[in-house]
Amino acid sequence: MSKLVLKLGGIIMISLLVVLLPLGYVANKIFTNFYYSEVQSEIGELSQKYAHTITSLDDQEMINMFKNLADLTNKEIYIVDNMGKVIADSGEHKTDLTKEDMNELSSGQSIQKRFHGSNKESTHLGLGYPIMNSGTFQGAFFVLASINDIQEPIEKIKDLLLLSAVGALFLALGITFVVAKKMSDPLLEMERATREIAKGNLDIRVDISSRDEVGSLAKAINDLALETNRYRTNRREFLANISHELRTPMSYLKGYAEVLKKGLYQTEEEKQDYLTIIEDETDRLVLLISDLFDLSKMEEGKIDLQLERLDLTEVLDTTLFKHKIELEKKGLSLQKQIGNHIPFIEADGMRLEQIFTNLLGNAIRYTNKGYIHVKVWSAKNNVYVSIEDTGVGISDEELALIFERFHRVEKSRSRELGGTGLGLAIVKNLVELQHGTISASSQVDKGTRFQLSFPIAE
Ligand code: ADP
């Protein structure tokens, strides 16, 4: 039996006992008092009536009639004279009428006494009423009721109470068992599932659909398994991509180093070409490694941003200046449209420059003729930047994927042009870390436009 069943059962039993015991005690008291006072008032009434009716203590006939009457109502009678001497007794009763009792009776008050029969069980409760004759005290008329008769229904009720209490306890025990089992079964299932998840079995799912806390815990466990699975797949793909990306430049490096080592070149010019390839590939490796390092830091949430109030246009200008030669080399013109009084934003200057460098680098890389258009404006609570080119463009299907790491529209072209496939993934992470947004729109062979927004600093 599960611990939960025992705990819950114990708690319910104890609370039931805490409620039932005082309740039983009080009920018992109420019933006992009720019966006693019922009998008391009955014999009280009878003794009063009889005492009023009787005229002479010598009237044996009348006394016999009272005896018969008492018999009919299952009562007994006991009559004494004004000295306490027994005049009539329908059984063999003994009682101790004291002086005080007689005084009370003679003063017109009724008294209550216990009467003992020949054996212990025949104890009676008696109520005596004074017999008066034209103002003088003649004696007392007692009507007696057996205590056993009073006790009997009380005992019956007690038994009934006890029986229903035991019944209630067993019923509660049964209900507790069923309820606790219903509660503990899903918990045990979830425990099994989480242990499986911990072992790495991430396809496991908990099949609990109740709409309560247990249900939402089950859903959270399923989500955890799903998310961990996604993370694992992602990680695997990431590692596979990394090793692939590293292998390509490495094989170039090894190949050309071998060529040079074995002197497999004809001219000095050829040798220089190979050395340039080795240099370029090394640069690419350094870039790839630094991009990877950045990205993994960002994804682990371990990157420290130096957020400060800054003028985005200044950062953009610096970046544009650094790309001047590249632009000129490709014969592209630059169109700048920067609004006046652009409000400050809260950002990390270096990281902002990294964002612009990546976007501008891409725009130049994937554009062969035309221009690059850069625009900055502010509206409502945001500062907006758009970087638009007249390059090769991206199809709609590809556009949805370009922010994923290692996703390249055309692998060989990107590689040829010095891309790592990580640029936009880094950009998106950096923009979001600075509370900004990024979106892209594009048309194949027409050009691409990236739009950024950053909240204005308070
Ligand atoms: P890469 O290092 O390959 O440029 P990115 O993550 O920066 O990697 O970009 C992902 C892919 O998106 C690129 O391979 C390229 O195909 C496409 N892309 C990015 N910017 C542009 C652009 N301005 N014009 C056309 N295609 C682009």
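Conventions we followed
Each chain has its residues counted from 1, running along the sequence as written. The predicted nature of this model means local features are confined to residues of pLDDT at least 70 and side-chain atom pairs, given and counted, to a pLDDT of 80 or more, with totals for whole chains, interfaces and linings taken over all residues. Excluded from the side-chain calculations are hydrogens and water; all other atoms, namely the structure's heavy atoms, are used. Put simply, DSSP marks the helices as runs of H or I at least four residues long and the strands as runs of E at least two long, and each gets a number from the N terminus on. Between the two quantities, the radius of gyration covers C-alpha atoms and the globule rule is 2.2 Å times the number of residues to the power 0.38. Residue contacts are counted whenever heavy atoms from the two residues lie within 4.5 Å of one another. Residue exposure ignores everything except the shown protein chains as possible cover, and the areas themselves are Shrake-Rupley values with a 1.4 Å probe. By this definition, two strands are paired if DSSP reports at least two bridges between them. Think of each axis as a best-fit line through the C-alpha atoms, taken over the contacting stretch in the case of a helix, with angles from 0 to 180 degrees between the N-to-C directions. We call a residue near a molecule or strand as soon as one heavy atom of that residue lies within 4 Å of the molecule or strand. Any pair of N or O atoms that falls within 3.5 Å is considered a polar contact. Within protein, one atom must be able to donate a hydrogen and the other to accept it, and sequence-neighbouring residues count only if both atoms are side-chain atoms. Charged residues are taken to be Asp, Glu, Lys and Arg, nonpolar residues to be Ala, Val, Leu, Ile, Met, Phe, Trp, Tyr, Cys and Pro, and polar residues to be all remaining types, Gly included. With respect to orientation, any angle under 35 degrees is reported as roughly parallel, any angle over 145 as roughly antiparallel, any angle of 65 to 115 as roughly perpendicular, and every other angle as oblique. Handedness of a crossing follows from how the near helix is turned relative to the far one, being left-handed for an anticlockwise turn of less than a right angle and right-handed for a clockwise one. Two rings belonging to Phe, Tyr or Trp (six-membered ring only in the last case) form a pair when the distance between their centres is within 6.5 Å. Interplanar angles under 30 degrees mark stacking, angles over 60 mark edge-to-face geometry, and anything in between is tilted. With a 1.4 Å probe rolled over the protein chains alone, any residue whose accessible area is under 20% of its type maximum counts as buried; one over 50% counts as exposed, and the rest are partly exposed. By definition, being over a ring means that NZ of Lys or CZ of Arg is both within 6 Å of the ring centre and within 35 degrees of the ring normal. Segmentation into domains, and thus their bounds, comes from an automatic or database assignment.

(A) Geometry of the overall build of the chain. Counting secondary structure elements, the chain contains 12 helices and 12 strands. In terms of overall size, the chain is more extended than a compact globule, its C-alpha atoms giving a radius of gyration of 52 Å where 458 residues would be expected to give roughly 23 Å. Expressed along its principal axes, the backbone C-alpha trace of the chain runs to roughly 160 × 55 × 35 Å. A separation of at least 24 residues holds for 64% of the contacts in the chain among residues at least 6 apart in sequence. Summing over all exposed atoms, the chain offers an accessible surface of approximately 27500 Å²; the carbon and sulfur share of this is 55%.

(B) Geometry of the sheet that holds strand β5 (residues 136-146). Strand order across the open sheet formed by five strands is β2-β1-β5-β4-β3, with antiparallel pairing between neighbours. In the strand order of this sheet, the two ends are held by β2 (86-89) and β3 (111-115), each with one partner. Taken pair by pair, the neighbouring strands of this sheet meet at an average axis angle of 25°, ignoring direction. Bridge count between β3 and strand β4 (residues 124-133): five bridges; the pairing is antiparallel. Paired with I111 across the strands is G128, a residue of β4. Strands in contact with helix α2 (residues 60-72) are β1 (76-81), β2 and β5; relative to β1, the strand with the most contacts, it is inclined by about 150°.

(C) Layout of the site of the ligand. As a structural note, the neighbourhood of the ligand is formed by 20 residues, with N362, S414, T420, G421 and L424 the closest of them. Contact distances for the ligand include 2.9 Å between an oxygen atom and a side-chain N or O atom of Y366. D389 has a polar side-chain atom sitting 2.9 Å from a nitrogen atom of the ligand. Considered on its own, the ligand offers 520 Å² of accessible surface; in the complex 98% of this is hidden by protein. Put simply, the parts of the chain that give the shell around the ligand at least two residues each are α9 (349-365), α12 (423-433) and β12 (447-455). Here the residues of the shell around the ligand are counted per class, giving nine nonpolar, eight polar and three charged.

(D) The arrangement of the sheet that holds strand β11 (residues 437-443) in detail. With mixed pairing, five strands are arranged side by side in an open sheet as β7-β9-β10-β12-β11. Both outer strands of the open sheet, β7 (333-338) and β11, are each paired with one neighbouring strand and no more. Between one strand axis and the next, the sheet turns through 10° on average, direction left out of account. Bridge count between β11 and β12: seven bridges; the pairing is antiparallel.

(E) Main features of the packing of helix α7 (residues 312-322) against α9. Packing of α7 against α9 leaves a shortest axis separation of 9 Å and a crossing angle of 45°. Of the possible angle classes, the one that applies to α7 and α9 is oblique. Between α7 and α9 the crossing geometry is right-handed. Contacts from L312, V315, L316, T318, T319, L320 and K322 in α7 reach G349, L352, E353, F356, T357 and L360 in α9.

(F) Region of interest: the packing of aromatic side chains. Applying the stated criterion across every chain yields a total of 12 aromatic pairs. With a centroid separation of 6.3 Å and 85° between ring planes, the pair formed by F403 and F450 is classed as edge-to-face. Of the two residues, F403 is situated in the loop between α10 (396-399) and α11 (411-416) and F450 in strand β12; the sequence distance between them amounts to 47 residues. Residue F403 shares its accessibility class with F450, and that shared class is buried. Here the aromatic cluster, defined as three or more aromatic residues joined through ring pairs, consists of Y50, F66 and F141. The lysine or arginine in question, K375, covers the ring of W377, its NZ or CZ lying 4.8 Å from the ring centre.

(G) Local environment of the packing of helix α1 (residues 3-53) against helix α4 (residues 147-199). Close contact between α1 and α4 brings their axes to 9 Å; oriented N to C, the two are set at 165°. Considered as vectors, α1 and α4 are oriented roughly antiparallel to each other. Here α1 and α4 pass one another in a crossing that is right-handed. Class assignment for the residues of the contact of α1 with α4 results in 28 nonpolar, seven polar and two charged.

(H) Highlighting the domain arrangement of the chain. The domains assigned to the chain are domain 1 (3-153), domain 2 (213-300) and domain 3 (308-455). Taking the mean C-alpha position of each, domain 1 and domain 2 sit 105 Å from one another.

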